[in-house]
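Secondary and tertiary structure notes
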Amino acid sequence: MRILVIGGSSFVGRAIVQAAIDRGHDVTLFNRGKTDPGAFPDAEHVIGDRDGDLSGLKGREWDATVDVCAYVPRQVRSLLETLGDGAGHYTFISTISVYDAEPAQVGFGEDSPLLTAAFDDELTIEKYGELKVGCEQVAREIVGDRLLVIRPGFVLGPHDPTHRFTYWVERVAEGRSPIAGPNADQPLQGVDARDLGAFTVAQIEKQVVDTFHVTAPDPAPTFDRVLTEIAKGVGADLAEVRWIGPKPLLPLTVPPSHYAILAVGLDKARAAGLSWRPLADTARDTLEWVRAERAAGSYAQGAGVGPTPDQEADLLS
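Computed from a predicted structure; not experimentally measured.

What to know about the environment of A19
Tracing the backbone through its elements, the reader meets A19 in helix α1 (residues 12-22). Judged by its relative accessible area of 9%, A19 is buried. Counting along the chain gives 150 residues from A19 to V169, while the straight-line C-alpha distance between them is 25 Å. Not counting residues up to four positions away in its chain, the partners in contact with A19 are G197, A198 and V201.

A look at the nonpolar core
In this structure, F165, W168 and I230 are the most contacted members of the largest nonpolar core, which totals 42 residues. Counting residues per element, the ones that place at least two in this core are β7 (154-156), α4 (164-174), β8 (179-181), α6 (223-234) and α8 (279-295). Examining the composition of this core, we find that six residues originate from one element, α6, more than from any other. Not counting the four nearest positions on each side in its chain, I230 is found in contact with F165, W168, V169, V172 and A283. If you look at the next biggest cluster of nonpolar residues, it comprises 32 residues, including F11, A15, V155 and L196.

Regarding the packing of α4 against α6
Put simply, α4 and α6 touch, their axes get as near as 9 Å, and they point 65 degrees apart. Taken as a pair, α4 and α6 cross one another with a handedness that is right-handed. Contact residues: F165, W168, V169, V172 and A173 in α4; F223, L227, I230, A231 and V234 in α6. Each residue belonging to the contact of α4 with α6 can be placed in one class, and the counts come to ten nonpolar, no polar and no charged.

Examining the environment of V106
You can see V106 is positioned in the loop between β5 (89-93) and α3 (128-143). Note on V106: relative accessible area 62%, which makes it exposed. Between the C-alpha atoms of V106 and Y259, which are 153 residues apart in sequence, the distance is 7.5 Å. Among residues more than four places away in sequence, those in contact with V106 are A260 and A263.

Some details on α4
All of the buried residues in α4 are F165, T166, Y167, W168, V169, R171 and V172. Buried positions along α4 lie against β7, β8, α6, α8 and α9 (309-316). One or two residues past the end of α4 sits G175, with phi positive at roughly 80 degrees.

Quick notes on the side chain of T282
Along the chain, the position of T282 falls in helix α8. Among the polar contacts made by the side chain of T282, one reaches the side chain of D192 at a distance of 2.7 Å. Beyond its immediate sequence surroundings of up to four residues, T282 is in contact with L156, G157, F165, D192, R194 and R277.

A few points about the pattern of salt bridges
Applying the stated criterion to the full structure yields 27 salt bridges. A salt bridge links D36 to R14, with the nearest nitrogen and oxygen atoms 2.8 Å apart. Taken together, the positions of D36 in the loop between β2 (26-31) and β3 (44-47) and R14 in helix α1 put the pair 22 residues apart, joining distant regions of the chain. Of the residues examined, D36 reaches a relative accessible area of 35% and is grouped as partly exposed. R14 gets classed as buried once you look at its relative accessible area, which sits at 18%. Two residues, R171 and E312, come together in a salt bridge whose shortest N-O distance is 3.1 Å. In this pair, R171 sits in helix α4 while E312 sits in helix α9, placing the two residues 141 residues apart along the sequence. Each of the two residues, R171 as well as E312, counts as buried. Each of D192, R194, D195, R277, D281, R284 and D285 takes part in one network of salt bridges that share partners.

Side note on the pairing of strand β4 (residues 64-67)
Burial along β4 is two-sided: A64 and V66 facing one way and T65 and D67 facing the other are all buried. Relative to β4, strand β1 (residues 2-6) runs parallel, the two being bridged by four bridges. By the bridge assignment, L4 is partnered in β4 with T65. In terms of strand pairing, β4 meets β5 through four bridges, oriented parallel. Note that in β5 the partner of V66 across the bridge is T91. Taking the sense of rotation as the criterion, the β-α-β connection linking β4, helix α2 (residues 73-83) and β5 turns out right-handed.

Concerning the packing of aromatic side chains
Per the counting criterion, the structure on display carries five aromatic pairs. Look at W289 and Y299: their rings are 5.6 Å apart centre to centre, the planes differ by 85 degrees, and that puts the pair in the edge-to-face class. With a gap of ten residues between them, W289 in helix α8 and Y299 in the loop between α8 and α9 connect regions that are remote in the sequence. Like Y299, W289 is buried.

Calculation criteria
Residues numbered from 1 in each chain as written. Predicted model: local features only at pLDDT ≥ 70, side-chain atom pairs only at ≥ 80, totals over all residues. Heavy atoms only, no water. Helix = DSSP H or I, 4+ residues; strand = E, 2+ residues; numbered from the N terminus. Buried < 20%, exposed > 50% of the residue type's maximum accessible area, 1.4 Å probe, protein only. Contact = heavy atoms within 4.5 Å. Core = buried A, V, L, I, M, F, W, Y, C linked by side-chain atoms within 4.5 Å. Axes fitted to C-alpha atoms, helices over the stretch in contact; angles between N-to-C directions. Left-handed = near helix turned anticlockwise from the far one by under 90°. Nonpolar A, V, L, I, M, F, W, Y, C, P; charged D, E, K, R; others polar. Polar contact = N/O pair within 3.5 Å; in protein donor to acceptor, adjacent residues only side chain to side chain. Salt bridge = Lys/Arg side-chain N within 4 Å of Asp/Glu carboxyl O. Pairing = 2+ DSSP bridges. Right-handed = clockwise from strand over helix to strand, strands pointing away. Phe/Tyr/Trp six-rings, centres within 6.5 Å; stacked < 30°, edge-to-face > 60°.

See below:
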């Protein structure tokens, strides 16, 4: 298949591109050429800007398009209007955040009520979920009979630019005691980007028109279990954890009212072939990657995410 990936050089898009190439597809990446421009030298690279210059896509056709980096509805509309029928089967990478977390129940499915759509022209983190709902609505309006919607939870693994999971991997590997943790019983689902990529490409190959939760595992582990699996993966003894409750400085933590959003139902995706590697394997690979990046002086993602040792001491006190 000829597959166009909007973005494609950073994390989720990177994993989808790699999965597509591994399965023998011809891949075109459309992006600004700023994030790791040397990635995937055997793929076609079209330089442009989805917010200003889509000219490189006009008049061309692909069997499938994967949109990894649309955050406001106007971006979806402008892309699909530029591509027209040339988009082929269209995959929109959405988010679990499209749901209203507080009334949701653990194990909820893809047909659960969504937030009210927002159609602002610019992304604000406060409306992240609402804007993604708006993106889904625009995509369904334009290409509803060719639309695959993927709703990931937290995405984990090598090449993660957020440092959210990477913080916990490095913190556990460090071995310093005690560790400030949120609530031991907080659920935490997260999918390895490589598993997300493999599932997404498999659905594209079958031209599936549907919506899936793509996260892992099921049932959701507690935060206590997540740290235990990380320790197993990085080959460390888990230091004492002091459970101090959710704090803004602690990545991947939420209040109890939002627990359901981190424990969604996966029956539909599993029936469609979703599988996931052990969390310990993701932790091991993440540590290997981040240590190599730090040794090369090329790791900048960690700035400001997760407490410093002094900040952690303040939290513990």
